[in-house]
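Structural overview
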Amino acid sequence: MTTISAKIENTDKTLFETICNSMGLNVSTAITAFVKATIRENGMPFALKAADDPYIYSEENMHVLRQAIAQIEGGKGQIHELKEIPQ
């Protein structure tokens, strides 16, 4: 056996302990279950997703996108053939 140490926010630790306790687990057992699931899945046992990029949805960027859409809808756009890049 070995020990793993991690720094987390106090409130996260308290909430995690509460959830574990409600399932009849202690923190060590829950972490061991996570480690075993990670090994079994050969990766994270849940989907990871990056947060939405705030720049993409910024008002300035949305304004530029709306202008581009208006130009295309007004017949000022050009259609281009897509070319596949060999891999």
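Residues numbered from 1 in each chain as written. Predicted model: local features only at pLDDT ≥ 70, side-chain atom pairs only at ≥ 80, totals over all residues. Heavy atoms only, no water.

**Some words on the overall build of the protein chain**
What counts, and what does not: Segments assigned H or I by DSSP are reported as helices when at least four residues long, segments assigned E as strands when at least two residues long, and all are numbered from the N terminus. Computed by Shrake-Rupley with a 1.4 Å probe, the accessible areas treat only the displayed protein chains as cover when residues are assessed.
Assigned secondary structure in the protein chain consists of three helices and zero strands. Along the protein chain, helices (α) and strands (β) appear in the sequence α-α-α when read from the amino end. Taking the principal axes of its C-alpha atoms as reference, the protein chain extends roughly 65 × 35 × 20 Å. Within the structure as shown, the protein chain displays about 8,800 Å² of accessible surface, and the carbon and sulfur contribution to it stands at 58%.

**As for the pattern of salt bridges**
Quick note on the threshold: Salt bridge, as used here: a side-chain nitrogen of Lys or Arg that lies within 4 Å of a carboxyl oxygen of Asp or Glu. When a residue's accessible area, from a 1.4 Å probe over protein chains only, is under 20% of the maximum for its type it is buried; when over 50% it is exposed; and in between it is partly exposed.
A complete count under the given rule lists three salt bridges for this structure. Measuring nitrogen to oxygen at the nearest pair gives 2.9 Å for the salt bridge that ties Lys 13 to Glu 17. With a gap of four residues between them, Lys 13 and Glu 17 both fall in helix H1 (residues 10-22), about one helical turn apart. By relative accessible area, which is 41% here, Lys 13 ends up partly exposed. The salt bridge partner of Glu 59 is Arg 66, with a shortest N-O separation of 3.1 Å. For Arg 66, a relative accessible area of 45% translates into the label partly exposed.

**Quick notes on the environment of Leu 65**
Among the secondary structure elements, Leu 65 is positioned in helix H3 (residues 59-73). Each C-alpha atom, one on Leu 65 and one on Asn 21, is 49 Å from the other, the two residues being 44 residues apart in sequence.

**Section: H3**
Our working rule: Expected helix span is computed as 1.5 Å times (number of residues minus one).
A rise of 1.5 Å per residue sets the reference length of H3, with its 15 residues, at 21 Å; its end C-alpha atoms lie 21 Å apart and thus fit the reference within 8%. Where H3 ends, the next residue or the one after it, Gly 75, has phi of about 80°, a positive value.

**A closer look at the layout of surface pockets**
If a probe the size of a water molecule is rolled over the atoms, the empty space left behind becomes visible. Note the cut-off: With a 1 Å grid laid over protein atoms only, a set of points is called a cavity when a 1.4 Å probe fits there but cannot get out and a pocket when it is open yet has protein on both sides within 12 Å along at least five of seven lines; lining residues have an atom within 4 Å of a point. Grid points are joined across faces, edges and corners, and a volume is the space filled by probe spheres set on the points. Throughout, the ten residues Ala, Val, Leu, Ile, Met, Phe, Trp, Tyr, Cys and Pro are labelled nonpolar, Asp, Glu, Lys and Arg are labelled charged, and all others, Gly among them, are labelled polar.
Considering only enclosed or pocket space, the largest pocket measures out at about 690 Å³ in volume. A breakdown of the residues in the lining of the largest pocket according to their chemical character gives ten nonpolar, six polar and four charged.

**Focus: unusual backbone geometry**
Unlike most non-glycine residues, Asn 42 shows phi in positive territory, near 55°. Structurally, Asn 42 is set in the loop between helix H2 (27-41) and H3.

Interpretation in functional terms is not warranted from these geometric data alone.
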